[in-house]
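# Examination of the molecular architecture
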Amino acid sequence: VQLQASGGGLVQAGGSLRLSCAASGRTFSTYVMGWFRQAPGKEREFVAAISWSGGRTYYADSVKGRFTISRDNAKNTVYLQMNSLKPEDTAIYYCAARSGGAVSMLPYEYDYWGQGTQVTVSS
């Protein structure tokens, strides 16, 4: 599986962005998908994840109520809608795919990673 993230950019605090992650391959609908982020000098951290069917979603406490993860299996794409952005959301955002297993918040349990897309929120 190859993952291509897009949609990042520069936005003012309080603004919105929608990230997309397009996946290659015909087995996308069997993968758990996740979004992680990494700010300069910090470790990669969990943001959100979604089950293969889209029926279950999980969020980091820091983004709950502001971010929404969704997927379109017909388009092999997972999305991250980010609203009410804060300067502390500034990071490189990565999408990841996990083959088999349950939804996970642990980066090492994901098998495939996209290249990342930069999100910068100005105050």
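Our subject in this report is the structure included herewith. These numbers come from a predicted model, not from an experiment.

## Structural notes on the packing of aromatic side chains
A full pass over the atoms with the stated rule returns five aromatic pairs. For the ring pair Tyr31 and Tyr112, a centre distance of 6.0 Å and an interplane angle of 80 degrees mean the geometry is edge-to-face. Of the two residues, Tyr31 is situated in strand 4 (residues 31-38) and Tyr112 in strand 10 (residues 112-113); the sequence distance between them amounts to 81 residues. Take Tyr31: its relative accessible area is 8%, and that puts it in the buried class. Considering the side-chain rings of Phe36 and Tyr110, the 5.2 Å spacing of their centres and the 75 degrees angle between planes classify their relative orientation as edge-to-face.

## Here we look at the pairing of strand 3 (residues 17-23)
Most of strand 3 is tucked away, with five of its seven residues classed as buried. Bridge analysis of strand 3 against strand 8 (residues 77-82) gives six bridges, and the strand direction is antiparallel. Of the residues in strand 8, the one forming a bridge with Leu19 is Leu80.

## Considering the state of the cysteines
Throughout the structure, instances matching the rule amount to one disulfide. The partner cysteine of Cys21 in its disulfide is Cys95, sulfur to sulfur 2.1 Å. Taking the torsion about the sulfur-sulfur bond, which here is approximately 60 degrees, the covalent link between Cys21 and Cys95 counts as right-handed. One end of the pair, Cys21, is in strand 3; the other, Cys95, is in strand 9 (residues 91-99), with 74 residues separating them in the sequence. Taken individually, Cys21 and Cys95 each receive the classification buried, so the pair is uniform in this respect.

Definitions and cut-offs
- Residues numbered from 1 in each chain as written.
- Predicted model: local features only at pLDDT ≥ 70, side-chain atom pairs only at ≥ 80, totals over all residues.
- Heavy atoms only, no water.
- Phe/Tyr/Trp six-rings, centres within 6.5 Å; stacked < 30°, edge-to-face > 60°.
- Helix = DSSP H or I, 4+ residues; strand = E, 2+ residues; numbered from the N terminus.
- Buried < 20%, exposed > 50% of the residue type's maximum accessible area, 1.4 Å probe, protein only.
- Pairing = 2+ DSSP bridges.
- Disulfide = S-S within 2.5 Å.

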